[in-house]
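Inside the fold
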Amino acid sequence: MPETQMKTSQTQPPMRPPASQDLRFVIKESMRLGLRFLVEVERALKKLNS
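Here is a short report on the structure shown in this document. Note that the structure is predicted; figures quoted are calculated from it, not measured. (Residues numbered from 1 in each chain as written. Predicted model: local features only at pLDDT ≥ 70, side-chain atom pairs only at ≥ 80, totals over all residues. Heavy atoms only, no water.)

1. Re a nonpolar patch on the surface
The criterion, for reference: Residues enter patches when they are more than 30% accessible in relative terms and free of salt bridges; like-charged ones are connected within 9 Å and nonpolar ones (Val, Leu, Ile, Met, Phe, Trp, Tyr) within 5 Å. Per-residue accessibility takes into account occlusion by the displayed protein chains alone, with areas from the Shrake-Rupley method and a 1.4 Å probe. Here, a salt bridge means any side-chain nitrogen of Lys or Arg that lies within 4 Å of a carboxyl oxygen of Asp or Glu. We count a stretch as a helix when DSSP gives it H or I for four or more residues in a row; a strand needs E for two or more, and each element gets its number in order from the N terminus.
A cluster of nonpolar side chains, contributed by F37, L38, V41, L45 and L48, occupies part of the molecular surface with about 530 Å² of accessible area. Here F37 lies in helix 2 (residues 19-49).

2. A short note on the pattern of salt bridges
Put simply, the rule is: Only protein chains enter the accessibility calculation, which uses a 1.4 Å probe. A residue is then buried if its area is under 20% of the maximum for its type, exposed if over 50%, and partly exposed in between.
Applying the stated criterion across every chain, the model contains three salt bridges. For R43, the salt bridge is made with E40, and the minimal N-O distance between the two is 3.1 Å. Within this pair, R43 and its partner E40 are both found in helix 2, separated by three residues, close to a single helical turn. By relative accessible area, E40 is classed as partly exposed at 40%.

Spelled out as structure tokens, the structure:
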């Protein structure tokens, strides 16, 4: 098999964003979930105190 056929027969993996963007997404979503959790805890404590 000629070299040019070998290159075209191999499929390229889809392009992915850099790992720094993945890490940024994980941190952002973790903080968002943590904030949502704290809001729910605060809401529950307010109900208990009233």
